[in-house]
Amino acid sequence: MVSKEVLKRIGVFAVAAVVAVSPVLAVNANGGVQLFSADTGTGDPVTGDPVPPSTAPIVPPSTAPTAPPSTAPTVPPSTAPTTPPAETPDDSSGGSQEYVADVVTNASGTVIKTTVPGTYRATVVEGVAVTTPLAAVNAAFGAGPGDYVEMICQDTRCGEQARASIKDGLTMLGANGIQAESGAVLDMMAYLNGQKVVDINNPITITLGIPASFRQAGYDYAVIRVQEGGRVSILPNRSEDPSVLSVKSDGFGVFALIKAPAGSFDIFE
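Residues numbered from 1 in each chain as written. Predicted model: local features only at pLDDT ≥ 70, side-chain atom pairs only at ≥ 80, totals over all residues. Heavy atoms only, no water.

Engineer: Help me understand the sheet that holds strand E13 (residues 244-251), please; the structure alone is not making it clear to me.
Structural biologist: Through backbone hydrogen bonds, the strands of a sheet pair up, either in parallel or in antiparallel fashion. Pairing in this open sheet of three strands is antiparallel, and the strands run E6-E10-E13 from one edge to the other. Pairing within the sheet leaves two strands with one partner each, and these edge strands are strand E6 (128-130) and E13. Mean inter-strand twist for the sheet, computed between neighbouring axes without regard to direction, equals 25 degrees. Relative to E13, strand E10 (residues 199-209) runs antiparallel, the two sharing seven bridges. From the neighbouring strand, Thr205 faces E13, where its bridge partner is Lys248. The strands touched by helix H2 (residues 134-141) within the sheet are E6 and E10, with E10 carrying the most contacts at an inclination of about 140 degrees. (Pairing = 2+ DSSP bridges. Helix = DSSP H or I, 4+ residues; strand = E, 2+ residues; numbered from the N terminus. Axes fitted to C-alpha atoms, helices over the stretch in contact; angles between N-to-C directions. Contact = heavy atoms within 4.5 Å.)

Here it is in structure tokens:
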């Protein structure tokens, strides 16, 4: 297994030296560890990238005069029996039904509300919340007065390359003696003034509600983050609450929850 001291010596600039076929671990500036492999995918991890709400100005309703109501005689309604309309399948992802998941409830019952506006519709985890104060988030994005930061968090729509990168991450962990299991996968996308942002200046804290079916006594949690260009990083859990997972992330993409026996992710601290 790669020791913590060795990992620290590798440093973030190890990406420039990735020439071997064997897995390599490199420490990120935010405390996580980035994984590099000659076999890692290089495509955009997200397909069907969501588009943030339009910022186009709202056009006021027309002030043209309306036609007077018709004076034609009305016809009484038919007394023939009517046929009920056909039922349409329920689509919880449709625009007519909004599923809001921008809060996380911890083990003590405290509700954690996100600080960043946007669309939070991930159903594979028990809520998503950015817990860094909005002012600090804006600074991390380089946003100035009048700029607008927003998030789109949803069940993943990633393609085969991103899923292969997640699998590669698990394989690399296994090669270093960490037998991790994967769980829910979601897309964490960020925008500044409607433009997609992949990396930011400083890490922000993102908290996810761990699905009850994925919680396990004696296990620790982390996130495999896959970004454009096939970059795969391990973000360790910063929370001691057994029901939530909090990570510090300086980038966005596909987030996959993973777990392993307690102590497995200590080298990433």
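The rest of the description comes next.
Engineer: Got a minute to help me understand the packing of aromatic side chains in this structure?
Structural biologist: Aromatic ring pairs are reported here in terms of the distance separating the ring centres and the angle at which the planes meet. Tallied over the entire structure, the rule returns three aromatic pairs. In this structure, Lys259 packs its charged tip against the face of Phe214, placed 4.6 Å from the ring centre. Sitting over the face of the ring of Tyr219, Lys259 holds its NZ or CZ atom 5.7 Å from the ring centroid. (Phe/Tyr/Trp six-rings, centres within 6.5 Å; stacked < 30°, edge-to-face > 60°. Lys NZ or Arg CZ within 6 Å of the ring centre and 35° of its normal.)

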